[in-house]
Amino acid sequence: MLRVLVSSAIALLVAGAAMLAYTNRYALDRAEQNASAHTNFIARTIVRDRLRKADFERPVTGRRRAILDRLFSSEVLVDGAIRVKLYRPDGHVTYSNAHDLIDTRPIEQTVESVARTGQPATDVTHLNDEGGKGPNTKALETYAPVYLQGKRVGVMEIYQDYGPVAAAAASSVWPVAAVLGVVLFVLYVSLFPLLRRVTRRLRRQVEEIEHQAMHDSLTGLPNRVLFRDRLEQALYGARRSPGEVAVMFLDLDRFKEVNDTLGHESGDILLREVGQRLAHSLRAGDSVARLGGDEFAVLALGLDDADGALVVARKLRQAVEWPFTLRGLTLEVEASIGIAMFPDHGTDVDTLLRHADVAMYQSKEAHSGAGIYSPERDVYSPDRLKLLGELRRAIEQGELVLHYQPKISLRTSEVIGFEALVRWQHPEQGLLGPERFLPFAEHTGLIKPLTRYVMREAVRSCARWLEMGLDLGVAVNLSGRDLLDLHLPDEVRLLLSETGIEPGRLELEITENIILSDPVRTRTILGRLKDLGVRLAIDDFGSGYSSLGYLKRLPLDVLKIDKSFVMSMMADDDSAAIVRSTIDLAHNLGLEVVAEGVATEHISAVLAALHCDAAQGFYYSAPMADSEVAGWAAEINLLRAAALEQLSA
Ligand code: C2E
Ligand code: MG
Ligand code: MG
């Protein structure tokens, strides 16, 4: 504002000065014109009758000079006129009241031009510039042509004292200057409050814009930009003075349900309230920000260790989990929190934020509420990412191998088929189990080529067993993503026709949890697979939440009881009851039942007594390499034949 005031003052002053200078110049011009007209008038009237042609031909001397002296001093040299000169047309001075100038010839050309054109002229000079004595007064020269009997005979020049001319001009300028000054001053003063109002409004707007750029409009909390900035500052401080810094990601569990069932307005109210509660449960100096959706971030400073961060996280969760009242409804919300510590889990803003985010997902998956980042469980950690790149190559180069675990009929004790289980023959790390690479193959879409590879290998193996005279089926596990792939049924059909395998020999296993993620699409694809004649099995039954009622609507053939129940059924009555009732219910639904994880002869016998159809487990065999399958199956069949012989004997 000061700058605007100063610059507008300068502008007004310059404008005022310019206007004054112009007015002054104008007044001077007018005064000069007046003086010139006056001289012209004198030349044409007063002196003309008294001058002779000879006065303009040669220097005037003696008596004539005295006569002219008298004439000029009485008629012309009054009212500020201080000198007079007569010139010959060629510029030669023939008379002057300053006698020493007579018979001289000033260098200027004005006289000749006036004599030639008959136009009067004016100029400003100093009295002594052309010689002469006495004070060197500033003077206004006015030239006028002199006519005698109609003929131009010479030029008369009159010098006016410039002082009175300038004073007259100035006196006409002063009132203008005064009025101008008052007007400009009033203008300036009225500008002041206006300017103040405008600058105040501008400043408020700028502050508002800055606030909006740095804050979340819904909750008023800092946004991601400001949060990053504060985190950066905190890291800068933490590098110089000890004390741990924790970055937390907080995500509301099931917030989407609130939004969907109660409407967005209620969702907004909830988010605002959550924001306030989080802010109130932090110490001064800590920050909470809303990153978008139902995600919040917290920056906690000056902690002793990671346990301190867990204490803060617990406080935050308690604050969020205290029931909300929304339009008369009581609502409970839970939050998952992920924590990343500086410097253990990252030394820069991006790494810490990413790891806190990963930790949040880890605790969400584990339903643990809050957890500290653990690199071992980070699917996106550098080690994992390296493995991911290698997995891509492994699928292409056939580093994946299949091991087969036999499935035994509990009625006939025959080997009825094998389940294909994938492993990775890693060039450096050795044989890796599926739990090492399947989770991130599923996360990244690599699962599709992986499943295709496994299916192809498994069906080809089955074809080879048939050629060897072994009447066996093969089971392949599918992932969630596979069941969203609308091309899968066609590919299976193609594979079966290529290898000539009857569809009924191929069994596809689906874990129950994945069916629930998109039931409509899943049912479509399962229906088309079923139409091909492929057998469908539900895997790990009991580990998820699906009900038999729901499964009834799916075109299933087989139910595989999860190994956790089978393995504990001898020690735990509940497990035994679950196994027993699952077998009965499945039979009522027309499903064949397979028990997984059978580890002892005793369990095998109990399951047979419960009319379980088939079993799988380490008691019969651990998964084996393809090359061992034929030998193993032949041996089992021999053993079985021997046993049957013994029985009949
Ligand atoms: P699953 O389909 O339930 O496979 C059975 C798992 O239980 C196998 O583990 C097997 O080695 C193990 N198992 C068998 N008998 C016993 C026993 O008596 N006791 C114990 N403790 N374990 C037993 P594996 O090979 O590590 O496979 C783990 C899971 O990985 C599989 O569970 C399956 O869900 C998945 N998986 C394996 N191969 C593939 C595949 O090619 N594609 C897909 N999508 N998933 C696969
Ligand atoms: Mg399976
Ligand atoms: Mg299983």
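Quick look at the structure, then.

Cut-off values and rules
Residues numbered from 1 in each chain as written. Chains lettered and ligands numbered in written order. Predicted model: local features only at pLDDT ≥ 70, side-chain atom pairs only at ≥ 80, totals over all residues. Heavy atoms only, no water. Helix = DSSP H or I, 4+ residues; strand = E, 2+ residues; numbered from the N terminus. Rg over C-alpha atoms; globule rule 2.2 N^0.38 Å. Buried < 20%, exposed > 50% of the residue type's maximum accessible area, 1.4 Å probe, protein only. Contact = heavy atoms within 4.5 Å. Areas by Shrake-Rupley, 256 points an atom, 1.4 Å probe, with all protein chains shown as cover. Lys, Arg positive; Asp, Glu negative; His and termini not counted. Charge placed at Lys NZ, Arg CZ, Asp CG, Glu CD. Axes fitted to C-alpha atoms, helices over the stretch in contact; angles between N-to-C directions. Left-handed = near helix turned anticlockwise from the far one by under 90°. Nonpolar A, V, L, I, M, F, W, Y, C, P; charged D, E, K, R; others polar. Pairing = 2+ DSSP bridges. Donors = N, O, S within 2.8 Å, 3.2 Å for Na, K, Ca; no water. Polar contact = N/O pair within 3.5 Å; in protein donor to acceptor, adjacent residues only side chain to side chain. Near = heavy atom within 4 Å. 1 Å grid on protein atoms, 1.4 Å probe; cavity = no way out; pocket = protein on both sides within 12 Å on 5 of 7 lines; lining within 4 Å. Sits in = over half its atoms within 2 Å of the grid points. Phe/Tyr/Trp six-rings, centres within 6.5 Å; stacked < 30°, edge-to-face > 60°. Lys NZ or Arg CZ within 6 Å of the ring centre and 35° of its normal. Patch = residues over 30% accessible without salt bridge, like charges linked within 9 Å, V, L, I, M, F, W, Y side chains within 5 Å. Salt bridge = Lys/Arg side-chain N within 4 Å of Asp/Glu carboxyl O. Points joined across faces, edges and corners; volume = space filled by probe spheres on them. Expected span 1.5 Å × (residues − 1). Arc of directions from axis to C-beta.

**Points about the overall build of the chain**
Next, step 1: Helix and strand counts for the chain stand at 20 helices and 22 strands.
Next, step 2: Relative to the 2.2 N^0.38 estimate, which gives 26 Å for 649 residues, the radius of gyration of the chain is 56 Å and therefore markedly larger than a compact globule would have.
Next, step 3: Counting only C-alpha atoms, the chain reaches 185 × 55 × 45 Å along its principal axes.
Next, step 4: Of all 649 residues assigned to the chain, the portion counted as buried reaches 45%.
Next, step 5: A separation of at least 24 residues holds for 63% of the contacts in the chain among residues at least 6 apart in sequence.
Next, step 6: Surface exposure of the chain reaches about 33,500 Å², of which carbon and sulfur atoms provide 55%.
Next, step 7: Charged side chains of the chain number 73 positive and 88 negative; the gap between the two group centres comes to 16 Å.

**Describing the packing of helix H7 (residues 264–280) against helix H8 (residues 306–321)**
Next, step 1: At a minimum axis separation of 9 Å, H7 and H8 run at an interaxial angle of 145 degrees. For the crossing formed where H7 meets H8, the hand is right-handed. Of the residues in H8, those touching H7 at Val 274, Arg 277 and Leu 278 are Leu 316, Ala 319 and Val 320.
Next, step 2: Classifying every residue of the contact of H7 with H8 gives five nonpolar, no polar and one charged.

**Here's the deal with the sheet that holds strand E3 (residues 121–126)**
Next, step 1: Across the sheet, five strands lie side by side as E2-E1-E5-E4-E3; this open sheet has antiparallel pairing. The open sheet terminates on both sides in strands that have one partner only, identified here as strand E2 (93–96) and E3. Across the sheet, the mean angle separating the axes of adjacent strands is 25 degrees when strand polarity is ignored.
Next, step 2: Direction of pairing for strand E1 (residues 81–87) relative to strand E5 (residues 151–161): antiparallel, over a ladder of six bridges. Bridge pairing links Tyr 87 to Val 155 in E5.
Next, step 3: Across the sheet, helix H1 (residues 2–44) touches E3, strand E4 (138–148) and E5, and the angle it forms with E4 is around 35 degrees.
Next, step 4: The strands touched by helix H2 (residues 62–75) within the sheet are E1, E2 and E5, with E2 carrying the most contacts at an inclination of about 55 degrees.

**Some details on the coordination of the magnesium ion (ligand 3)**
Next, step 1: The protein atoms that coordinate the magnesium ion (ligand 3) are Asp 539 (OD), Asp 540 (OD), Glu 596 (OE) and Glu 596 (OE), at distances of 2.0 to 2.5 Å.
Next, step 2: Here the magnesium ion (ligand 3) and the magnesium ion (ligand 2) are spaced 4.0 Å apart, with Asp 539 acting as a shared donor. One end of the pair, Asp 539, is in strand E18 (residues 535–541); the other, Glu 596, is in the loop between strand E20 (592–595) and helix H19 (601–609), with 57 residues separating them in the sequence.
Next, step 3: In this structure Asp 539 comes out as buried when scored by relative accessible area, which is 4%.

**Remarks on the side chain of Arg 64**
Next, step 1: By secondary structure assignment, the location of Arg 64 is in helix H2.
Next, step 2: Residue classification places Arg 64 among the buried residues on the basis of a relative accessible area of 14%.
Next, step 3: One polar contact links Arg 64 to Asp 55, side chain to side chain, over a distance of 2.5 Å.

**A look at the coordination of the magnesium ion (ligand 2)**
Next, step 1: Only Glu 419 (OE), Asn 477 (OD1), Glu 509 (OE) and Asp 539 (OD) from the protein reach the magnesium ion (ligand 2) as donors, at distances of 2.0 to 2.2 Å.
Next, step 2: Between the donor residues of the magnesium ion (ligand 2), the gaps in sequence give the motif E-x57-N-x31-E-x29-D.

**Some thoughts on the site of ligand 1**
Next, step 1: Taken together, 22 residues lie around ligand 1, and Gln 405, Glu 419, Arg 423, Asp 539 and Lys 563 are the ones closest in.
Next, step 2: In this structure, a nitrogen atom belonging to ligand 1 sits 2.9 Å away from a side-chain N or O atom of Gln 405.
Next, step 3: Contact between ligand 1 and Arg 423: an oxygen atom at 2.8 Å from a side-chain N or O atom of the residue.
Next, step 4: Comparing atom positions with the cavity grids shows ligand 1 to sit within the largest pocket.
Next, step 5: Of all the secondary-structure elements, those providing two or more residues to the shell around ligand 1 are strand E14 (415–426), helix H11 (434–444), strand E16 (473–478), E18 and helix H17 (563–568).
Next, step 6: With four residues, the top contributor of residues to the shell around ligand 1 is E14.

**Examining the packing of aromatic side chains**
Next, step 1: In this structure the tally under the stated criterion is six aromatic pairs.
Next, step 2: We note Arg 277 situated over the ring of Phe 324; from NZ or CZ to the ring centre the distance is 3.7 Å.

**Concerning a positive patch on the surface**
Next, step 1: A grouping of Arg 196, Arg 197, Arg 200, Arg 201, Arg 203 and Arg 204 is seen on the molecular surface, where their side chains present a positively charged patch.
Next, step 2: Following the sequence through the fold, Arg 196 ends up in helix H4 (residues 162–214).
Next, step 3: For Arg 196, a relative accessible area of 40% puts it in the partly exposed group.

**A few points about the pattern of salt bridges**
Next, step 1: This model, assessed by the stated rule, comprises 31 salt bridges.
Next, step 2: Two residues, Arg 493 and Asp 490, come together in a salt bridge whose shortest N-O distance is 3.4 Å. Pair noted here: Arg 493 and Asp 490 are both in helix H13 (residues 488–499), with a separation of three residues, about one helical turn.
Next, step 3: Connected through salt bridges with shared partners, the residues Lys 407, Glu 507, Arg 535 and Glu 592 form a single ionic network.

**Re the environment of Ser 266**
Next, step 1: Following the sequence through the fold, Ser 266 ends up in helix H7.
Next, step 2: A residue is classified by how much of its surface remains accessible, and Ser 266, at 2% relative accessible area, is buried.
Next, step 3: A C-alpha to C-alpha distance of 30 Å links Ser 266 and Glu 207, two positions 59 residues apart in sequence.
Next, step 4: Leaving out residues up to four positions away in the same chain, Ser 266 has contacts with Leu 326 and Arg 327.

**Topic: unusual backbone geometry**
Next, step 1: Between Phe 342 and the following residue, Pro 343, the backbone shows a cis peptide bond with an omega angle of 5 degrees.
Next, step 2: Topologically, Pro 343 is positioned in the loop between strand E11 (334–342) and helix H9 (349–366).

**Side note on the pairing of E1**
Next, step 1: Among the seven residues that make up E1, six are buried, leaving the element largely enclosed by the rest of the structure.
Next, step 2: Relative to E2, E1 runs antiparallel, the two being bridged by three bridges. Residue pairing across strands places Tyr 87 opposite Val 93, the latter belonging to E2.

**Considerations on the layout of surface pockets**
Next, step 1: Taken as a whole, the largest pocket encloses approximately 1,400 Å³ of empty space.
Next, step 2: At the level of elements, E14, H11, helix H12 (447–467), E16, strand E17 (506–511), helix H14 (512–515), E18 and H17 are the ones that each hand at least two residues to the lining of the largest pocket.
Next, step 3: It is H11 that contributes the most residues to the lining of the largest pocket, six residues altogether.
Next, step 4: A class-by-class count of the residues in the lining of the largest pocket yields 18 nonpolar, 12 polar and 13 charged.

**Observations concerning helix H18 (residues 573–588)**
Next, step 1: Spanning 16 residues, H18 covers 23 Å between terminal C-alpha atoms, matching the ideal 22 Å at 1.5 Å per step.
Next, step 2: All buried positions along H18 are accounted for by Ser 575, Ala 576, Val 579, Thr 582, Ile 583 and Ala 586. All buried residues of H18 fall inside an arc of 130 degrees around its axis, so they share one side. When the buried face of H18 is taken as reference, the exposed residues oriented beyond 90 degrees from it are Asp 573, Asp 574 and Asn 588.
Next, step 3: As for H18, its buried residues are in contact with E18, strand E19 (558–561), H17, E20 and H19.
Next, step 4: The residue sitting at the N-terminus of H18 and contributing the capping side-chain oxygen is Asp 572; that oxygen lies 3.1 Å from the backbone nitrogen of Asp 574.

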